[in-house]
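Close look at the chain arrangement
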Amino acid sequence: YTLPSYTVSHFITMSVPLLQWLLTLLFLLDSPCAVESLIECYSIFDCQVKVGPRSECINQKYCSNPYHNGGCLANHYHPNYDKEQQHQNPRIRTCTSEDPPESRKRGLCRPSSMGYAEIRLASQNWESVFFSVWILQILLGEVLQVPVTVETGVSDLNVDFYDQHGSFDYGRSNLWDSLKNAQQVKDCRKMMKRNNDQDDDEYQPCAHVIPEVWTGYESFLKQMREDLVIEQPASLGALAGNSWWTPLYTIHHDQSLATFVGLQGEHNRRKLAETFLRPTTWQEYCQEVSDDDCDTPDDVAPGGAPEAGEEGLYFAGVDRYTGYFRNTTDNDCDNNPNCTGHIVDFPCGWTSFVEQQAFYNKIAVKSDGREPGCGGYTYGEMTQIWAAANATKSHVLMLWWEPEALYQQYIGTDAEFQRIALPNPTQKCSENRVNYVDRCSPDQAVRVGQPEGACADYPHALMKVIGTSLYDVSHDPQIAESLHSPAYETIKNFRITSNQLGQIFEYWFQIGDDKWNLDPRRAVCRWVVENLEELESFIPQTHPRVVEDDNEAREVPIIYIALSLAIFAMIATVTSLFVTYVQREKRIIRYAQVEFLFLLLFGLLMVSIGALLSSLPPTNPICVSIAWLINLGYTLQLVPLIVKVAAVNRVSTWTASLLLVVLEERWLFVSHACCTNANQSQLMVAAQNMKRVELSLYSLYGAVIGIALILIAMLTVWTATNPPQKSYDLSLTDSLTENGETIVLRTHYCESEKKIWEYLAVTWQVLLLIACCILAFQTRKIRLELNEARTLAMLVYS
């Protein structure tokens, strides 16, 4: 449901405007439902004046949530922090999957520098848990850079603290399936994304944590623990409990109603029936009480007959329908010996022991709501009934709880909630409570349970239910330990007391600008700013963390030495190329074969350039270039020499001594002095006849080019499928930033996702070196003019 357009203008004239505005808004909050922002605007200037500098005017209709722009801490200064420093380095909130793309582009949020996994919190459908969720969103998202979203259980409802529209929507409660879904997928972003056109039957909720859970679900939670869906529920810190309540003015009317002793027994039946009358809907009043079906407005229904959608309301404001309590046949003890007074009970699915308590304590009250089995009322109906009782000063008996907004709102008024004293709770009584399923059974014997469970609901600590998925996503073993999220430990440590929740409620009611959107957010943010130091105590040691590049790693002397050697090697190689070209006709150069020298020096130049790039900060292009330059450079450096020496070695193995090598333009001629054993090969016959052996340079070049092409093919596939990329290692330090964040140093290097390519490259280089070693050993005794053993050895050692 959305708020009717008449609501604000009508409530301003009410005798108790703030209170009844709250109540009238609450009557629309039948779970699930949506509430929209009420601060109208026509330009951004309106929002900056009414809300603040970070608010914008959306479609010239209403002001946006200012906390969408930066977050809570960026909008407020903490008194213990230096304001100038905080202004320069505000704690901008962390972007989530719920943020539109432009939010990051506009700087409204920042990506998590630590790359933490996004977590999701279930919001339930009452205000105190909203506050806990929002506090965790601020602590995790703004201080620790953990992205946090909120699960309402309904596809088009939102209660995210940072929601641009400031939504304050009441979703569904006790979303146990959301924990099971998170346990299966881990990352809730993988679940079907929420959208306004989605059928709720298709939507699958997902949450890692339910921050606030009441008692009554112990058996169900035990089964979830056995299924490894959740951990052992832990205390949230706040104490809460359901109780029977009546307004203060009712106790003033009859003080005996303050305790079960004044309620129980047949002698009190008539008193209860005459005191606690049945609430009446607007339509029922017009049809069954009004003389003319509300065609003529009266004191109860000044607005006349209800409009479409208003028929079932128990209260619609003092200028529309004040509510009405009447004596029905159930209250008529003269004609009905089983007459009862009326009590307002919870809806099915909520924890309640009203029928069990009333039945065994012989208290003649009954709930007559439309909920099957238990006769309970919805959340919205219950708040309407209390509002109607206050407006008409009628007596009402209702099951309610604290801490809660409605309870807090009436403190200090004559309608302040007064607890009805029931028999004291015991452990035996607690163990014999009727569960939330049986209390809605069509069988009364099942609904009332055992007599041992008819005591008062003792105050108990609210629980937080943490799914096992939270630990899994926070401590993923595939992620470096320094990048493990602090979400799990922080949520596990988080505590909030009843008094602290009460303070937030108090802040909320003091504001009065935008009761159901901006005001509660302002109250929570104010409380967080004032209690930030206490909240930070829940953060595990060495957090928050911030990643900084290890610039000092590239400022050590060895880096400068490596850079200098690389530059020197490049200069020496270029100089050698020039000298070789100038002296290419000299005998020693011709013996060494000038073309092979050029290839070798060009390979050395490529390796030198690769070494130079290796000493620079890596980028993706540099990483790819290094792989090509180093591997191809080594190949051009070694393969020509290997091919030449191997050819000479094949000749020399059949000779006793090698006398002369003459290099012509196209041929390599080798003469032999004497012969050894007879051989049928061309080389051996030529040696025996003292003839020259001709080896084609084309064949030698072909071998070099063929081997190089094989390597180029491998490098091409490597670059196309899994190229070397800029990667990094992280190391946790003891150093802190000015803001107290622990520094995680990031050292960059080049690496492929699949190690196989790096292994192949190293294997190739090792094979080249092994070949050089073998040939250097075999040709160690060849004539000096042709002996390349020393050159090969030098290249291997280098």
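Keep in mind the model is a prediction, meaning the values are calculated, not measured. (Residues numbered from 1 in each chain as written. Predicted model: local features only at pLDDT ≥ 70, side-chain atom pairs only at ≥ 80, totals over all residues. Heavy atoms only, no water.)

**Some thoughts on the overall build of the protein chain**
Definition in use: Each helix is a run of DSSP H or I of at least 4 residues and each strand a run of E of at least 2, with the numbering of both proceeding from the N terminus. Only protein chains enter the accessibility calculation, which uses a 1.4 Å probe. A residue is then buried if its area is under 20% of the maximum for its type, exposed if over 50%, and partly exposed in between. Only heavy atoms enter the contact rule, under which two residues are in contact if any of them lie within 4.5 Å.
For the protein chain, the count of helices and strands is 29 helices and 19 strands. In the protein chain, which comprises 798 residues, the proportion classed as buried is 53%. Put simply, of all contacts in the protein chain between residues at least 6 apart along the chain, 70% involve residues at least 24 apart.

**Side note on the packing of aromatic side chains**
Note the threshold: For Phe, Tyr and Trp, where Trp contributes only its six-membered ring, two rings pair if their centres lie within 6.5 Å, and the inter-plane angle classes them as stacked under 30 degrees, edge-to-face over 60, or tilted in between. Comment: the charge-over-ring label is applied if NZ (Lys) or CZ (Arg) is within 6 Å of the ring centre and within 35 degrees of the ring normal.
In total, this model carries 42 aromatic pairs according to the counting rule given. For the pair tyrosine 285 and tyrosine 321, a centre-to-centre distance of 6.0 Å together with 50 degrees between the ring planes defines the contact as tilted. Remark: tyrosine 321 occurs in the loop between α11 (282-289) and β8 (324-326) and tyrosine 285 occurs in helix α11; sequence separation between them is 36 residues. On the basis of relative accessible area, tyrosine 285 is assigned to the buried category, the value being 5%. With a centroid separation of 5.8 Å and an interplanar angle of 80 degrees, the aromatic rings of phenylalanine 494 and phenylalanine 538 are classed as edge-to-face. Here phenylalanine 494, found in the loop between α18 (487-493) and α19 (498-511), pairs with phenylalanine 538, found in the loop between α21 (532-536) and β14 (545-549); they are 44 residues apart in sequence, far enough to count as distant. In this pair, the class of phenylalanine 494 matches that of phenylalanine 538, namely buried. Seen from the ring of tyrosine 507, arginine 526 lies directly overhead, with NZ or CZ sitting 3.7 Å from the centre. Stacked on the ring of tyrosine 728, the Lys or Arg arginine 746 has its end atom at 5.7 Å from the ring centre.

**Focus: the pairing of strand β19 (residues 742-751)**
Applied cut-off: Pairing between strands is defined by DSSP: at least two bridges between them are needed.
Looking at chain direction, β14 and β19 are connected through five bridges and run parallel. Its bridge partner being in β19, valine 547 is matched across the sheet by valine 744. Pairing geometry for strand β18 (residues 725-736) and β19, over nine bridges, is antiparallel. Its bridge partner lying in β19, glutamine 725 is registered against glutamate 751. Hairpin connection from β18 to β19: five residues lie between these consecutive antiparallel strands, with glycine 740 at a positive phi of about 85 degrees.

**Examining the nonpolar core**
Threshold: Here, the term nonpolar core denotes a set of buried Ala, Val, Leu, Ile, Met, Phe, Trp, Tyr and Cys residues that are joined through side-chain atoms within 4.5 Å.
Residues Ile119, Trp244 and Trp400 are the most contacted members of the largest nonpolar core, which totals 114 residues. Ranked by residue count, the leading element in this core is helix α6 (residues 127-143), at eleven residues. Look past the residues within four positions of isoleucine 119 in its chain and what remains in contact with it is Leu140, Val146, Pro147, Val148, Thr149, His208, Leu470, Val473, Ala487 and Ile491. Core analysis: the second largest hydrophobic core is formed by 16 residues, Leu629, Leu632, Trp757 and Ala761 among them.

**Points about the confidence of the model for the protein chain**
Our working rule: Scored between 0 and 100, pLDDT is the confidence that the predictor attaches to each residue.
Residue-level pLDDT values for the protein chain average 82, and 82% of them are 70 or greater. Confidence drops under a pLDDT of 50 for residues 1-31, and excluding neighbours within four residues, the segment shows 81 contacts in the predicted structure. Considering only residues more than four positions removed or in separate chains, one finds that residues 78-89, a stretch of pLDDT under 50, has 18 contacts.

**Points about the pattern of salt bridges**
A pair can form between side chains of opposite charge whenever their charged atoms are brought close. Rules: What makes a salt bridge here is a side-chain nitrogen of Lys or Arg within 4 Å of a carboxyl oxygen of Asp or Glu, nothing more.
Using the criterion set out here, one finds 25 salt bridges in the structure. Residue arginine 746 pairs with aspartate 549 through a salt bridge whose shortest N-O separation is 2.8 Å. One end of the pair, arginine 746, is in strand β19; the other, aspartate 549, is in strand β14, and 197 residues separate them in sequence. Judged by its relative accessible area of 22%, arginine 746 falls in the partly exposed class. When its relative accessible area of 34% is taken as the criterion, aspartate 549 is described as partly exposed. Shared partners join several salt bridges into a network, and the residues in it are Glu118, Arg120 and Glu151.

**Section: the environment of alanine 562**
For alanine 562, the position within the fold is in helix α22 (residues 557-582). In this structure, the C-alpha to C-alpha distance between alanine 562 and serine 615, residues 53 residues apart in sequence, is 6.7 Å.

**Notes on helix α7 (residues 176-185)**
Among the residues of α7, those classed as buried are Trp176, Ser178, Leu179, Asn181 and Ala182. In this structure, the buried side of α7 is in contact with β5 (209-213), α8 (218-226), β13 (460-466) and α17 (468-474). Lysine 186, located one to two residues past α7, shows a positive phi value of around 65 degrees.

**A closer look at empty space enclosed by the protein**
Where empty space is left becomes clear once a probe the size of a water molecule has been rolled over the atoms. What counts is decided by this rule: Cavity and pocket criteria rest on a 1 Å grid covering protein atoms alone: a 1.4 Å probe that fits but cannot get out defines a cavity, protein on both sides within 12 Å along at least 5 of 7 lines defines an open pocket, and an atom within 4 Å of a point defines a lining residue. Grid points are joined across faces, edges and corners, and a volume is the space filled by probe spheres set on the points. By the convention adopted, Pro, Cys, Tyr, Trp, Phe, Met, Ile, Leu, Val and Ala count as nonpolar, Lys, Arg, Asp and Glu as charged, and the other residues, Gly among them, as polar.
Using the criterion set out here, one finds eleven cavities of 30 Å³ or more in the structure. The space that makes up the largest cavity amounts to roughly 160 Å³. In this structure, the largest cavity is lined by Gln124, Trp126, Ser173, Asn174, Trp214, Tyr217, Asn242, Phe346, Gly349, Trp350, Thr351 and Trp401. Split into classes, the residues belonging to the lining of the largest cavity amount to six nonpolar, six polar and no charged.

**Quick word on the sheet that holds β14**
The criterion, for reference: The axes used here are C-alpha line fits, helices contributing only the stretch in contact, and every angle between their N-to-C directions lies in the interval 0 to 180 degrees.
Pairing in this open sheet of three strands is mixed, and the strands run β14-β19-β18 from one edge to the other. What marks the edges here is a single partner per strand, and that holds for β14 and β18. Averaged over all adjacent pairs, the angle separating strand axes in this sheet is 30 degrees, with direction ignored.

**Details of the packing of α22 against helix α24 (residues 594-614)**
Convention followed: An angle counts as roughly parallel when it lies under 35 degrees, as roughly antiparallel when it exceeds 145, as roughly perpendicular when it falls between 65 and 115, and as oblique in every other case. The handedness criterion is simple: a crossing whose near helix is rotated anticlockwise from the far helix by less than a right angle is left-handed, and one whose near helix is rotated clockwise is right-handed.
Contact geometry for α22 and α24: axes closest at 8 Å, N-to-C directions at 160 degrees. In terms of orientation, α22 lies roughly antiparallel with respect to α24. Crossing of α22 against α24: the hand is left-handed. Contact with α22, carried on its side by Leu563, Ala566, Ile567, Ala569, Met570, Thr573, Val574, Ser576, Leu577, Thr580 and Tyr581, involves Val594, Leu597, Phe598, Leu601, Phe602, Leu604, Leu605, Ser608, Ile609, Ala611 and Leu612 of α24 and no other residues of that element.

**Things to note about the environment of isoleucine 642**
Relative to the assigned elements, isoleucine 642 resides in helix α25 (residues 620-652). Remark: the alpha-carbon pair of isoleucine 642 and isoleucine 774, spanning 132 residues in sequence, is separated by 9.9 Å. Every residue in contact with isoleucine 642, bar those within four places of it in the chain, is listed here: Leu768, Ala771, Cys772 and Leu775.

**A closer look at α24**
Note the cut-off: Any helix carries an expected span of 1.5 Å times its number of residues minus one.
With 21 residues, α24 should cover 30 Å at 1.5 Å per step; its first-to-last C-alpha distance of 30 Å lies within 8% of that length. The complete set of buried residues in α24 reads Val594, Phe596, Leu600, Leu601, Gly603, Leu605, Met606, Val607, Ser608, Gly610, Leu612 and Leu613.

**Considerations on the state of the cysteines**
Inclusion rule: In this description, a disulfide is simply a cysteine sulfur pair whose atoms lie within 2.5 Å.
In total, this model carries ten disulfides according to the counting rule given. At a sulfur-sulfur separation of 2.1 Å, the disulfide partner of cysteine 41 is cysteine 57. For the disulfide bridge between cysteine 41 and cysteine 57, the dihedral angle about the S-S bond is near 95 degrees, and by the sign convention the bridge is right-handed. Placement of cysteine 41 in the loop between α2 (17-26) and α3 (44-50) and of cysteine 57 in strand β1 (residues 57-58) is noted, with a sequence separation of 16 residues between them. Residue cysteine 41 is classed as buried on the basis of its relative accessible area of 1%. One disulfide bridge connects cysteine 348 with cysteine 440, the sulfur atoms lying 2.1 Å from each other. On the sign convention where negative is left-handed, the bridge of cysteine 348 and cysteine 440, at about -120 degrees about the S-S bond, is left-handed. In this pair, cysteine 348 is assigned in the loop between β9 (341-342) and α12 (354-360) and cysteine 440 in the loop between α15 (427-431) and α16 (444-448), connecting sequence segments 92 residues apart. Given a relative accessible area of 26%, cysteine 348 falls into the partly exposed group. Considering cysteine sulfurs only, cysteine 348 is the nearest to cysteine 374, which forms no disulfide, with 3.5 Å between them.

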